[in-house]
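Listed below are the residues making up each chain.
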Amino acid sequence: QVQLVESGGGLVQVGGSLRLSCAASGSIFRNVFSIWTMGWYRQAPGKQREKVAAITERGNTNYSDSVKGRFTISRDNAKNTVYLQMNSLNAEDTAVYYCNAQHPFIAANYWGQGTQVTVSS
């Protein structure tokens, strides 16, 4: 059974920080988690889901313009976990944040259940 479990969301004031985690489990990830491209997406009320950041097998990262310089994505392959460090949060960052796993070679794509991030002023 494939699972992506996010944690670390919550309520934070403008200018604050949060660190999201996403733990991947299931036989499809066993010993090969490192090859998966891992990403974070978010969806604010009334808006479409948007890509926030991603990290590839080689550690290459990319970010949306709205979070570049404030968010950092990283991974710990030994723990089958990907992180999103979010600094200098503002109200526009309020959303449900979803973890995503995408296989680089086959049509396999998985989502977590999401974690709520609320930034209050």
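Refer to the structure printed above.
Read on for a plain summary of the structure. As the structure is a computational prediction, the values presented were derived from the model and not from experiment.

## Details of the pairing of strand β5 (residues 50-55)
Right, so step 1: One ladder, built from 5 bridges, connects strand β4 (residues 37-43) with β5; its direction is antiparallel. Bridge assignment links R42 to a residue of β5, and that residue is E50.
Right, so step 2: Where β5 lies against strand β6 (residues 61-63), 3 bridges are found, and the strand directions are antiparallel. Opposite A53, over in β6, you have Y63 as the bridge partner.
Right, so step 3: Count of turn residues in the β5/β6 antiparallel hairpin: 5 residues, of which G59 carries a positive phi of about 85 degrees.

## As for the pattern of salt bridges
Two side chains that carry opposite charge are able to pair once their charged atoms sit near each other.
Right, so step 1: Summed over all chains, the structure comprises 4 salt bridges.
Right, so step 2: A salt bridge links R42 to D93; its shortest N-O distance comes to 2.9 Å. One end of the pair, R42, is in strand β4; the other, D93, is in the loop between β8 (81-86) and β9 (95-102), and 51 residues separate them in sequence. The exposure classification of R42 matches that of D93, with both residues buried.
Right, so step 3: If you follow the salt bridges from partner to partner, you end up with R42, E50, R70 and D93 in one network.

## Focus: the sheet that holds strand β3 (residues 18-25)
In a beta sheet, neighbouring strands pair by backbone hydrogen bonds and run either parallel or antiparallel.
Right, so step 1: If you trace the 4 strands from one edge of the open sheet to the other, you get β1-β3-β8-β7, paired in antiparallel fashion. Each edge of the open sheet carries a strand with a single partner, namely β1 (3-7) and β7 (71-76). Geometrically, the sheet is characterised by an average inter-axis angle of 15 degrees between neighbouring strands, direction not taken into account.
Right, so step 2: Note that β1 and β3 share 5 bridges and pair antiparallel. Paired with V5 across the strands is A23, a residue of β3.

How each quantity is defined
- Residues numbered from 1 in each chain as written.
- Predicted model: local features only at pLDDT ≥ 70, side-chain atom pairs only at ≥ 80, totals over all residues.
- Heavy atoms only, no water.
- Pairing = 2+ DSSP bridges.
- Helix = DSSP H or I, 4+ residues; strand = E, 2+ residues; numbered from the N terminus.
- Salt bridge = Lys/Arg side-chain N within 4 Å of Asp/Glu carboxyl O.
- Buried < 20%, exposed > 50% of the residue type's maximum accessible area, 1.4 Å probe, protein only.
- Axes fitted to C-alpha atoms, helices over the stretch in contact; angles between N-to-C directions.

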